[in-house]
Amino acid sequence: MRRWYQTIEIEGVDQSFEDIKRKDSKFWNEGKWNTFIEPLLPKERQTFLEIGCNAGLMLKQATEAGFKHVIGVEANNQIIAQAKLFKESNGYDYQLVHGRAGRGFDIETIALSDVVLFSNSHYYIPVGGFSKLVDALKYRTLYCIVVSAHTRSRSGKTFSDLGSIRGYFGDWEEVGLIDNVSIDGDP
């Protein structure tokens, strides 16, 4: 049985979710978009790129938020297949790219973007590859949004804590931060 890491609805497809309680959480799914992403989006909405797009829920949200060009990059073969199925089921016109960011994937092959999103995906990328990617993004995007959860350290991977993220983006201007969101009442 396949596991779906985003709580999405596809008619006729049974889904085994990681945790069904996440559906109504402000930290996952649409709640993550509403709490951490939407408030940081610029008024100008041309191109949106998500690196580590999973099943594509945030791509759907970006399309609904008015971005004209929406692109998702996903490395996992099984998850990119889920993303294609979700895209077909929701009828939106966004682009899916199968590639492993930070490991031989050339960001230069993707359109210049107004916004690049890392939504709990950066800490799967090797540190060296992530540093090169962040450097390349300086010349390819206006805004980079990083949504991060506290995770265990993975050998050789990017760290998830705020201090480390600020360090990776050390020569970028920080224009917004959403921090200390209460977990009270959240499943």
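Note: the structure precedes this text.
This is a predicted model, so every value here is computed, not measured. (Residues numbered from 1 in each chain as written. Predicted model: local features only at pLDDT ≥ 70, side-chain atom pairs only at ≥ 80, totals over all residues. Heavy atoms only, no water.)

**Let's talk about the packing of aromatic side chains**
So, point 1. Scanning the entire structure with this criterion turns up eight aromatic pairs.
So, point 2. For the pair Phe27 and Phe36, a centre-to-centre distance of 5.9 Å together with 35° between the ring planes defines the contact as tilted.
So, point 3. Overall, Phe27 belongs to the partly exposed group, its relative accessible area being 23%.
So, point 4. Relative to Phe169, the ring of Phe130 lies with its centre 6.1 Å away and its plane at 75°, an arrangement referred to as edge-to-face. Of this pair, Phe130 sits in helix H4 (residues 127–137) while Phe169 sits in the segment after helix H5 (162–168), placing them 39 residues apart in sequence. The same class applies to Phe130 as to Phe169, namely buried.
So, point 5. Site record: aromatic cluster; members linked through ring pairs are Phe118, Phe130, Tyr168, Phe169 and Trp172. (Phe/Tyr/Trp six-rings, centres within 6.5 Å; stacked < 30°, edge-to-face > 60°. Buried < 20%, exposed > 50% of the residue type's maximum accessible area, 1.4 Å probe, protein only. Helix = DSSP H or I, 4+ residues; strand = E, 2+ residues; numbered from the N terminus.)

**Considering the pattern of salt bridges**
So, point 1. Applying the stated criterion to the full structure yields five salt bridges.
So, point 2. The partner of Lys60 in a salt bridge is Glu64, with the nearest N and O atoms 3.0 Å apart. One end of the pair, Lys60, and the other, Glu64, are both in helix H2 (residues 57–64), four residues apart, so they sit about a helical turn from each other.
So, point 3. The exposure class assigned to Glu64 is partly exposed, which follows from its relative accessible area of 44%.
So, point 4. Asp135 serves as the salt-bridge partner of Lys138, at 3.7 Å between the closest nitrogen and oxygen.
So, point 5. According to the relative accessible area criterion, Lys138 is partly exposed, its value standing at 28%.
So, point 6. One network of salt bridges, with partners in common, ties together Asp135, Lys138 and Asp171. (Salt bridge = Lys/Arg side-chain N within 4 Å of Asp/Glu carboxyl O.)

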